[in-house]
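Summary of structural features
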Amino acid sequence: MDPLSTTFAALADPTRRAILARLTEGEATVAELAEPFDITTQAVSKHLRVLEEAGLITRGRRAQWRPSRLREDALDDATDWLEHHRAAFRHRFDALDREIAALRRDEGNSDGNH
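Residues numbered from 1 in each chain as written. Predicted model: local features only at pLDDT ≥ 70, side-chain atom pairs only at ≥ 80, totals over all residues. Heavy atoms only, no water.

As named in an unreviewed UniProt entry, the chain is Winged helix-turn-helix transcriptional regulator, taken from Cellulomonas fengjieae.

Structure, rendered in structure tokens:
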């Protein structure tokens, strides 16, 4: 899978999005990340592996601890892709608005000619 697809696949899961949101506050261990969820630390570890493979987080090692942290540039490619397509959609919607306005003007002009 290409990196962008891997990123969006990782973001598709609400638990992984919640983990990323927590990591915006700073690094955390698996146990700390598991606290708000009704899932095992093993399940959180699996989610962390997916996030790490997608390049969204890094995992360190300090003695017995393996804190996870959000990568600063983690969402840059996804954001760039979304912004590019948002601009294209905005351009299309603006063109559609102009077309609708022109049709309404034409409709108004033809009503007055009868």
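**What about the side chain of Thr7?**
Stated formally: Strands here are runs of E lasting at least two residues and helices are runs of H or I lasting at least four, both read from the DSSP assignment and numbered beginning at the N terminus. Remark: exposure states derive from per-residue accessible area (1.4 Å probe, protein chains only) relative to the maximum for the residue type, with buried under 20%, exposed over 50%, and partly exposed in between. Contact between two residues is taken to exist if any of their heavy atoms lie within 4.5 Å; hydrogens are not considered.
Locating Thr7 in the fold gives a position in helix H1 (residues 3-11). Judged by relative accessible area, Thr7 falls into the buried class, the value being 7%. With residues near it in sequence (within four places) discarded, Thr7 still touches Ala54, Leu56, Leu75 and Ala78.

**Considering helix H4 (residues 41-53)**
We apply this condition: Multiplying 1.5 Å by the helix residue count minus one yields the expected span of that helix. This arc is taken over the directions from the axis of the helix to the C-beta atoms.
Compared with the 18 Å implied by 1.5 Å per residue over 13 residues, the 18 Å span of H4 between its first and last C-alpha is a close match. What H4 keeps buried is the set Val44, Ser45, His47, Leu48 and Leu51. Viewed along the axis of H4, the buried residues span an arc of 160°, placing them on a single side of the element. Opposite the buried face of H4, at more than 90 degrees from it, the exposed residues are Gln42, Lys46 and Glu53. On its buried side, H4 packs onto H1, helix H2 (14-23), helix H3 (30-34), strand E1 (57-59) and strand E2 (68-70). At the C-terminal side of H4, Gly55 shows a positive phi close to 80°.

**Focus on the environment of Val30**
Structurally, the position occupied by Val30 is in helix H3. Residue class for Val30 comes out buried when judged on its relative accessible area of 15%. Remark: the alpha-carbon pair of Val30 and Leu51, spanning 21 residues in sequence, is separated by 13 Å. When near neighbours in sequence (up to four residues on either side) are disregarded, Val30 contacts Thr41, Val44, Ser45, Leu48 and Arg59.

**Observations regarding the packing of H2 against H4**
What counts, and what does not: Geometry is summarised by axes, namely lines fitted to C-alpha atoms with helices restricted to the contacting stretch, and by angles between N-to-C directions that run from 0 to 180 degrees. Here roughly perpendicular refers to angles of 65 to 115 degrees, roughly parallel to angles under 35, roughly antiparallel to angles over 145, and oblique to all remaining angles. Residue type decides the class: Asp, Glu, Lys and Arg count as charged, Ala, Val, Leu, Ile, Met, Phe, Trp, Tyr, Cys and Pro as nonpolar, and the leftover types, Gly among them, as polar.
At a minimum axis distance of 10 Å, the contact between H2 and H4 shows a crossing angle of 80°. Between H2 and H4, the crossing angle belongs to the class labelled roughly perpendicular. Judged by residue contacts, Thr15, Arg16, Ile19 and Leu20 of H2 engage Val44, His47, Leu48, Val50 and Leu51 from H4. Considering only residue class, the contact of H2 with H4 consists of six nonpolar, two polar and one charged.

**With respect to the packing of aromatic side chains**
The line we're drawing: Two rings from Phe, Tyr or Trp (for Trp, the six-membered ring) form a pair when their centres are within 6.5 Å of each other. A pair whose planes differ by under 30 degrees is stacked, one over 60 is edge-to-face, and the rest are tilted.
Counted by the stated rule, this structure contains one aromatic pair. Seen in terms of ring centroids, Phe8 and Trp81 are 5.6 Å apart; in terms of plane orientation they differ by 65°. Their pairing is edge-to-face. Taken together, the residues Phe8 in helix H1 and Trp81 in helix H5 (residues 76-112) connect sequence positions 73 residues apart. A relative accessible area of 30% means that Phe8 is categorised as partly exposed. Trp81 gets classed as partly exposed once you look at its relative accessible area, which sits at 37%.

**A look at the environment of Ile39**
Inspection of the secondary structure assignment puts Ile39 in the loop between H3 and H4. Taking the C-alpha atoms as reference points, Ile39 and Thr15, separated by 24 residues in sequence, lie 9.9 Å from one another. Apart from residues no more than four positions distant in its own chain, Ile39 is found in contact with Thr15, Val44 and His47.

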